[in-house]
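# Architecture and fold: a report
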Amino acid sequence: MSTTSHHLEGHTPAKIGARDLALVSVFAALIAVLTLVPAVPVGALGVPITLQTMGIGIAALTLGSLRGGSAVGLYVLVGLAGVPIFAKFSGGLGSLAAPSAGYLLAFPIAALLTGALATLVLRKVARRRRFLWLFLAAMAGSIFVTHPLGILGMSLNAQIPLSQAFILDMAYWPGDVVKNLLAAAIAVSVFKAFPGFARRRFQG
């Protein structure tokens with residue numbers, strides 16, 4: 001085999017097999033179940049605090065960017081199709097007109113970012129330091145994707161200034177920190193019990 005062909009094989013894109021699709025479905029269901037835990041309305045717009053974001057963090061950290069993002073995307077698509085798996089047992093395209101729409105649309109993108117960073121952590125960081133860096137990976141998804149798009153969605157759908165939406169969004173930060181800590185702890189436990197997840201193996 002030539003050096004060139006070996007190089008190309010080493011960079012063959014990963015393919016999702018039947019077992020990976022099953023994992024995507026299972027984690028999408030996990031997010032749905034966590035979302036159905038009674039929500040806590042917060043702020044003047046009533047955008048609730050749910051366990052949704054913890055489920056997204058668990059999926060992204062455990063499965064990685066492709067599978068984690070697919071799981072979250074599947075959850076969002078099923079909800080938008082009308083299944084009442086969003087906060088407060090809601091669902092359907094009408095959710096896109098709610099003040100929380102920005103957060104909802106941000107979730108798959110946040111999962112892609114968090115999953116990619118988590119994979120980098122698993123490859124570069126010693127095991128004893130994984131918890132901290134996985135937590136930071138989950139926080140990166142929150143800081144750079146979920147909250148900015150959530151603020152934008154609140155501003156557009158509730159017709160309020162971005163500055164006011166920013167202030168309302170601050171109420172969700174303490175809960176996000178706690179949920180991301182729990183997501184990182186769960187991911188570390190999964191990696192210990194099932195090392196294949198840490199190696200990001202795709203299986204048919």
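Counting restarts for each chain, with residues numbered from 1 along the sequence as it is written. Given that the model is predicted, a residue must reach a pLDDT of at least 70 before its local features are reported, and side-chain atom pairs must reach 80 or more before they are shown or counted; all residues, however, enter totals for whole chains, interfaces and linings. Working from all heavy atoms in the structure, the side-chain values ignore hydrogens and water.

Per an unreviewed UniProt entry, the recorded name for the protein chain is Biotin transporter, and the organism is Paeniglutamicibacter gangotriensis. UniProt positions are given in the numbering used here, feature names are shortened, and annotations may be inferred rather than shown by experiment. UniProt's Sequence similarities (unreviewed entry) comment on the protein chain is quoted here verbatim: "Belongs to the BioY family."

## Points about the overall build of the protein chain
Helix and strand counts for the protein chain come out as eight helices and two strands. Starting at the N terminus and walking to the C terminus, you meet the elements of the protein chain as α-α-β-β-α-α-α-α-α-α. Its C-alpha atoms give the protein chain a radius of gyration of 18 Å, near enough to 17 Å, the size a compact globule of 204 residues would have. In terms of overall dimensions, the protein chain has C-alpha extents of about 65 × 35 × 30 Å along its principal axes. Only protein chains enter the area calculation, which uses a 1.4 Å probe; residues under 20% of their type maximum are buried, those over 50% are exposed, and those in between are partly exposed. Here the protein chain, with 204 residues, has 45% of them falling under the buried criterion. Note on contacts: a residue pair is in contact if any heavy atoms of the two residues lie within 4.5 Å. Look at the contacts in the protein chain between residues 6 or more apart in sequence, and 72% of them connect residues 24 or more apart. Accessible surface, the protein chain: about 10500 Å² in total, of which carbon and sulfur atoms supply 70%. Treating the 15 positive side-chain charges of the protein chain as one cloud and the 4 negative ones as another, the clouds have centres 11 Å apart. Where helices and strands are cited, they refer to DSSP runs of H or I of at least four residues and of E of at least two residues respectively, numbered from the N terminus. The quantity called the radius of gyration is restricted to C-alpha atoms. Its globule counterpart is 2.2 Å times the number of residues to the power 0.38. All accessible-area figures derive from a Shrake-Rupley calculation using a 1.4 Å probe, and residue coverage is judged against the displayed protein chains alone. Charge counting follows a simple rule: Lys and Arg are positive, Asp and Glu are negative, and His as well as the terminal groups are ignored. The atom standing in for a charge is NZ when the residue is Lys, CZ when it is Arg, CG when it is Asp and CD when it is Glu.

## Remarks on the pattern of salt bridges
The salt bridge definition used is simple: a Lys or Arg side-chain nitrogen within 4 Å of an Asp or Glu carboxyl oxygen. As enumerated under the stated definition, the model contains two salt bridges in all. The salt bridge involving Asp20 is made with Arg67; its shortest N-O contact spans 2.7 Å. Here Asp20, found in helix α2 (residues 18–35), pairs with Arg67, found in helix α3 (residues 52–80); they are 47 residues apart in sequence, far enough to count as distant. In this pair, the class of Asp20 matches that of Arg67, namely buried. A salt bridge links Lys179 to Asp176; its shortest N-O distance comes to 3.7 Å. Taken together, the positions of Lys179 and Asp176, both in helix α7 (residues 173–193) and three residues apart, correspond to about one turn of that helix. Take Asp176: its relative accessible area is 6%, and that puts it in the buried class.

## Points about the nonpolar core
To define a nonpolar core, start from buried Ala, Val, Leu, Ile, Met, Phe, Trp, Tyr and Cys residues and group those joined through side-chain atoms within 4.5 Å. With 49 residues, the main nonpolar core has Leu61, Tyr75, Leu134 and Phe191 as its most contacted residues. Here the element with the most residues in this core is α3; it accounts for 12 residues.

## So, helix α6 (residues 162–169)
Buried within α6 we find Ala165, Leu168 and Asp169. In a view along the axis of α6, the buried residues occupy a sector of 100°, so they form one face of it. Across from the buried face of α6, at angles greater than 90 degrees, the exposed residues are Ser163 and Ile167. Among the structural elements, α4 (101–124), α5 (130–158) and α7 are those in contact with the buried residues of α6. The arc in question is the one traced by the directions running from the helix axis out to the C-beta atoms.

## Topic: the layout of surface pockets
A cavity here means a set of 1 Å grid points, computed over protein atoms only, where a 1.4 Å probe fits but cannot escape. A pocket is an open set with protein on both sides within 12 Å along at least 5 of 7 lines, and lining residues have an atom within 4 Å of a point. Grid points are joined across faces, edges and corners, and a volume is the space filled by probe spheres set on the points. Estimated volume of the largest pocket: approximately 470 Å³. What lines the largest pocket is a set of 27 residues, among which Val47, Pro48, Gln52, Ala87 and Ser100 lie closest to the centre. Among the secondary structure elements, those contributing two or more residues to the lining of the largest pocket are β2 (47–49), α3, α4, α5 and α7. Ranked by residues supplied to the lining of the largest pocket, first place goes to α4 with four residues.

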